[in-house]
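Analysis of the macromolecular model
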Amino acid sequence: MSREQATARIEELRSIIKKHDYSYYVLDQPTISDYEYDQLMQELIALEAEYPDLITPDSPTQRIGGTVLEGFEKVAHRNPMLSLANAFGPEDLRDFDRRVKSLVAGEAFEYVVELKIDGLAVSLIYENGVFVRGATRGDGEVGEDITANLKTIKALPLILSKPLTMEVRGEAYLPKREFERINQEREQAGEPLFANPRNAAAGSLRQLDPRIVGKRNLSIFTYAIGSIEGETIPTHSQGLDLLHELGFKVNPERRVLPDIEAVIEFVQSWTGEQRAALPYEIDGIVIKVNQTHLYPRLGTTAKSPRWAIAYKFAAEQAETILRDIIVN
Ligand SMILES: NC(=O)c1cnc(OC2CCCC2)nc1N
């Protein structure tokens with residue numbers, strides 16, 4: 001095959017593989033057998049090995065890094081990654097609503113409710129649409145650079161459908177089925193088991209060898225735009241729509257609701273059975289004011305935004321209170 005033919009075939013393979021990755025890992029709709037997928041990937045790897053100068057950072061072959069890291073670099077977040085204050089019952093939500101109303105002084109607003117994915121918060125930086133850096137939350141100001149590990153997550157786009165420069169926040173998580181599979185493998189290998197999918201996700205992303213991470217089938221839901229150049233987005237809900245348009249996985253169980261009573265109804269609709277039926281673990285519901293122009297007026301406390309709160313489900317409440325006692 002000539003160099004020109006190879007160039008054309010490489011581009012064709014990349015676009016086919018990217019489409020399958022998007023469909024399978026972002027839309028959860030498999031469109032090809034694993035065998036066919038592996039054949040395409042092997043052909044692309046072989047062609048890039050023959051023409052290494054044709055390799056681009058967003059090629060699907062670049063997801064699995066080759067080198068084992070010595071450690072993770074510390075990185076400062078451009079905007080602090082705040083943590084969420086907790087609500088444990090409807091009255092806490094009504095108190096939150098009263099505080100928001102007193103601060104926005106009569107301005108109309110709605111709420112957005114989202115499932116609170118029980119994983120590891122991460123920050124993703126894209127420059128002109130290319131994924132350039134990913135980091136853990138750390139203490140909110142300084143996190144660890146885990147770019148190589150995040151690249152192995154096939155639900156994470158290496159290049160966006162628009163050349164935007166932005167920071168995206170999301171939760172890396174391990175689907176329940178993957179958690180079971182990994183613990184079975186560890187049991188057979190006589191290794192200690194992970195206690196829950198959140199610990200398994202955190203443990204996987206702390207791996208220094210990206211090849212091990214690549215075998216863990218992690219996923220990621222994105223849930224906020226930390227910053228974006230050249231655009232203002234009037235509502236958080238439109239921000240989530242944009243993330244979806246750009247190729248990110250955004251949790252579909254989100255609603256825009258008119259008032260706190262509707263929020264309380266939504267929260268109470270998520271029974272144990274509903275949660276058990278989800279392919280991933282959640283530990284609550286996140287409630288956010290939808291009108292982003294109100295955020296500066298609402299501001300933040302030392303560690304949490306006043307325009308968002310996490311409603312924690314009963315089972316997790318004990319754990320949250322215990323963790324708060326230990327941490328604070
Ligand atoms: N674990 C989650 O699913 C989750 C966590 N955090 C947030 O929002 C942060 C970012 C902006 C205000 C707080 N939303 C979520 N859905």
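As shown above, the structure is provided for reference.
Residues numbered from 1 in each chain as written. Predicted model: local features only at pLDDT ≥ 70, side-chain atom pairs only at ≥ 80, totals over all residues. Heavy atoms only, no water.

Before going further, it helps to examine the overall build of the protein. When helices and strands are counted, the protein shows 12 helices and 11 strands. In terms of overall dimensions, the protein is globule-like: its C-alpha atoms have a radius of gyration of 21 Å, near the 20 Å expected for 328 residues. With respect to the three principal axes, the spread of C-alpha positions in the protein is 70 × 50 × 35 Å. When burial is assessed residue by residue, the protein has 48% of its 328 residues classed as buried. Sequence separation of at least 24 residues holds for 76% of the intrachain contacts in the protein that already meet a minimum separation of 6. (Helix = DSSP H or I, 4+ residues; strand = E, 2+ residues; numbered from the N terminus. Rg over C-alpha atoms; globule rule 2.2 N^0.38 Å. Buried < 20%, exposed > 50% of the residue type's maximum accessible area, 1.4 Å probe, protein only. Contact = heavy atoms within 4.5 Å.)

Turning to the site of the ligand, a few remarks are in order. Neighbouring the ligand are the residues L84, E114, L115, K116, I117, E171, Y223, V286, K288 and W307. Take I117: an N or O atom from its main chain is 2.8 Å from an oxygen atom of the ligand. A distance of 3.3 Å is found between a nitrogen atom of the ligand and a side-chain nitrogen or oxygen belonging to E171. Here the ligand loses 90% of its free accessible area of 390 Å² to cover by the protein chains. Every element with two or more residues in the shell around the ligand is listed here: β3 (111-117) and β10 (282-289). If you tally residues by element for the shell around the ligand, the top one is β3, at four residues. (Near = heavy atom within 4 Å. Polar contact = N/O pair within 3.5 Å; in protein donor to acceptor, adjacent residues only side chain to side chain. Areas by Shrake-Rupley, 256 points an atom, 1.4 Å probe, with all protein chains shown as cover.)

Now for the sheet that holds strand β5 (residues 130-136). Across the sheet, which stays open at both edges, the four strands sit in the order β5-β4-β7-β8 with antiparallel pairing between neighbours. Of all strands in the sheet, those bounded by a partner on one side alone are β5 and β8 (219-228). Put simply, the sheet's adjacent strands are angled 25° from each other on average, direction ignored. The pairing of strand β4 (residues 120-127) with strand β7 (residues 166-173) spans seven bridges and is antiparallel. Bridging across to β7, S123 finds its partner in R169. (Pairing = 2+ DSSP bridges. Axes fitted to C-alpha atoms, helices over the stretch in contact; angles between N-to-C directions.)

Burial runs high along β7: eight of the eight residues are buried. The alternating pattern of β7 places M166, V168, G170 and A172 on one face and E167, R169, E171 and Y173 on the opposite face, and all of these are buried. Of the pairings in the sheet, the one linking β7 to β8 comprises eight bridges and is antiparallel in character. Bridging from a neighbouring strand, A172 pairs with I220 of β8.

Taking burial as the measure, the seven residues of β3 include seven buried ones, the bulk of the element. Note that β3 and strand β9 (residues 255-257) share three bridges and pair antiparallel. Bridge assignment links V113 to a residue of β9, and that residue is R255. Two elements, β3 and β10, share seven bridges in a ladder whose sense is antiparallel. Within β10, the residue paired with K116 across the bridge is G284.

On to the pattern of salt bridges. Summed over all chains, the structure comprises 25 salt bridges. D118 is the salt-bridge partner of R198, the closest N and O atoms lying 3.1 Å from each other. Remark: D118 occurs in the loop between β3 and β4 and R198 occurs in helix α6 (residues 197-205); sequence separation between them is 80 residues. Between R181 and E185 there is a salt bridge whose closest N-O contact spans 2.7 Å. Of this pair, R181 and E185 both sit in helix α5 (residues 176-188), four residues apart, which is roughly one turn of that helix. Residues joined by salt bridges that share partners form a network here, namely E91, R94, D95, R98 and E261. (Salt bridge = Lys/Arg side-chain N within 4 Å of Asp/Glu carboxyl O.)

What follows concerns the layout of surface pockets. By volume, the second largest pocket amounts to about 760 Å³. Residue lining of the second largest pocket: 31 residues in total, with Y24, Y25, D28, R177 and K249 positioned closest to the centre. When contributions to the lining of the second largest pocket are tallied by element, the ones reaching two or more residues are α1 (3-26), α2 (34-50), α5 and β8. If one sorts the elements of the lining of the second largest pocket by residue count, α1 sits on top with five residues. By residue class, the composition of the lining of the second largest pocket is 17 nonpolar, five polar and nine charged. (1 Å grid on protein atoms, 1.4 Å probe; cavity = no way out; pocket = protein on both sides within 12 Å on 5 of 7 lines; lining within 4 Å. Points joined across faces, edges and corners; volume = space filled by probe spheres on them. Nonpolar A, V, L, I, M, F, W, Y, C, P; charged D, E, K, R; others polar.)

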